[in-house]
Amino acid sequence: GDADTHLLQLERYGYQRESRFCFISLELSEGQDEEGTMNRQDFTYQAEQEARKLHELFLSFSYKEYLIFVLTDYLAEEIELFLENFLDRIKKKNQKGVFAVGIGQNKTGIYDLDKNFKSAIAAMEMAGKRKEVCCYYDTLNLHKLLYAIEDKSVIRQHYRDTILRIEQYDRENETQL
């Protein structure tokens with residue numbers, strides 16, 4: 001169906017057009033069903049238990065190999081509290097369960113959900129690269145620009161044209177520009 005049909009369906013379930021939405025993306029480690037470790041369903045259950053302590057609405061779904069949570073109408077402090085409690089809860093049950101967590105922007109409005117969703121994925125990818133458990137999209141600074149560029153060949157070409165040349169100059173002249 002069209003977008004308006006989907007919006008009406010979301011509103012029937014309590015999600016309003018002007019609600020605030022925060023996407024949280026989790027990359028789970030491999031082999032979670034072995035040796036008593038948590039599986040995707042366990043993670044979702046634990047997250048929902050923590051989320052419902054703060055707000056009624058909670059949404060989760062899988063995207064590729066990731067687990068996605070959507071927190072609706074949370075304040076920044078509530079997002080931090082949710083994450084703290086959720087991560088503490090899963091650490092008690094499973095030390096190796098989460099590889100990386102990305103927290104997207106807490107944005108108002110239902111029309112930019114795709115951008116908000118992508119911001120959580122970008123933050124999660126950066127958490128993985130930095131070998132951190134959590135990364136907030138809002139802390140990515142310059143990396144936000146790099147993630148916003150759809151055509152990655154533009155970034156690679158810019159690197160070859162500028163930064164690579166500076167690095168070569170530095171090696172050849174024993175400098176650090």
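Residues numbered from 1 in each chain as written. Predicted model: local features only at pLDDT ≥ 70, side-chain atom pairs only at ≥ 80, totals over all residues. Heavy atoms only, no water.

*Asks:* I tried to follow the pattern of salt bridges on my own but got confused; where do I start?
*Replies:* Opposite charge on two side chains permits pairing when their charged atoms draw close. As enumerated under the stated definition, the model contains four salt bridges in all. We note a salt bridge from Glu48 to Arg52, for which the minimum N-O separation is 2.8 Å. You can see Glu48 and its partner Arg52 sitting in helix α2 (residues 40–52), four residues apart, about one turn around the helix. Of the residues examined, Arg52 reaches a relative accessible area of 35% and is grouped as partly exposed. Between Glu50 and Lys53 there is a salt bridge whose closest N-O contact spans 3.2 Å. (Salt bridge = Lys/Arg side-chain N within 4 Å of Asp/Glu carboxyl O. Helix = DSSP H or I, 4+ residues; strand = E, 2+ residues; numbered from the N terminus. Buried < 20%, exposed > 50% of the residue type's maximum accessible area, 1.4 Å probe, protein only.)

*Asks:* What is the right way to look at the packing of α2 against helix α3 (residues 76–93) in this model?
*Replies:* The packing of two helices is summarised by the inter-axis angle and the distance between the axes. Look at α2 against α3: their axes get within 9 Å of each other, and the N-to-C directions meet at 140°. With respect to α3, the element α2 is oriented oblique. At the point where α2 passes α3, the crossing takes the right-handed sense. Across from Phe43, Gln46, Ala47, Gln49, Glu50 and Ala51 in α2, the residues of α3 making contact are Phe82, Asn85, Phe86, Arg89, Ile90 and Lys93. Looking at the contact of α2 with α3 residue by residue, the class counts come to six nonpolar, three polar and three charged. (Axes fitted to C-alpha atoms, helices over the stretch in contact; angles between N-to-C directions. Parallel < 35°, antiparallel > 145°, perpendicular 65-115°, else oblique. Left-handed = near helix turned anticlockwise from the far one by under 90°. Contact = heavy atoms within 4.5 Å. Nonpolar A, V, L, I, M, F, W, Y, C, P; charged D, E, K, R; others polar.)

*Asks:* Explanation requested: the nonpolar core in the structure shown.
*Replies:* Grouped together as the largest cluster of nonpolar side chains are 21 residues, with contacts concentrated most on Phe21, Phe23, Ile68, Ile121 and Cys135. When residues of this core are traced back to their parent elements, those giving at least two are β1 (20–28), β3 (66–72) and α4 (113–130). Looking at this core, the element that brings in the most residues is α4, giving eight residues. With residues up to four places along the chain from it excluded, the contact list for Phe21 reads Tyr15, Gln16, Val70, Leu71, Thr72, Gln105, Asn106, Lys107, Gly109, Ile110, Leu113 and Asn116. Core analysis: the second largest hydrophobic core is formed by 20 residues, Ile24, Ala47, Phe69 and Ile79 among them. (Core = buried A, V, L, I, M, F, W, Y, C linked by side-chain atoms within 4.5 Å.)

*Asks:* Help me understand a negative patch on the surface in this model?
*Replies:* A cluster of acidic side chains, namely Glu77, Glu80, Glu84 and Asp88, defines a negative patch on the protein surface. Here Glu80 is to be found in helix α3. On the basis of relative accessible area, Glu80 is assigned to the partly exposed category, the value being 47%. (Patch = residues over 30% accessible without salt bridge, like charges linked within 9 Å, V, L, I, M, F, W, Y side chains within 5 Å. Areas by Shrake-Rupley, 256 points an atom, 1.4 Å probe, with all protein chains shown as cover. Lys, Arg positive; Asp, Glu negative; His and termini not counted. Charge placed at Lys NZ, Arg CZ, Asp CG, Glu CD.)

*Asks:* Please explain the side chain of Ser119 as it appears in this structure.
*Replies:* Residue position: Ser119 is located in helix α4. Look at Ser119 and you get buried, because its relative accessible area is 3%. Looking at Ser119, its side chain comes within polar contact range of the main-chain nitrogen of Gln105, at 3.3 Å. When neighbours within four sequence positions are excluded, Ser119 is seen to be in contact with Gly104, Gln105 and Tyr137. (Polar contact = N/O pair within 3.5 Å; in protein donor to acceptor, adjacent residues only side chain to side chain.)

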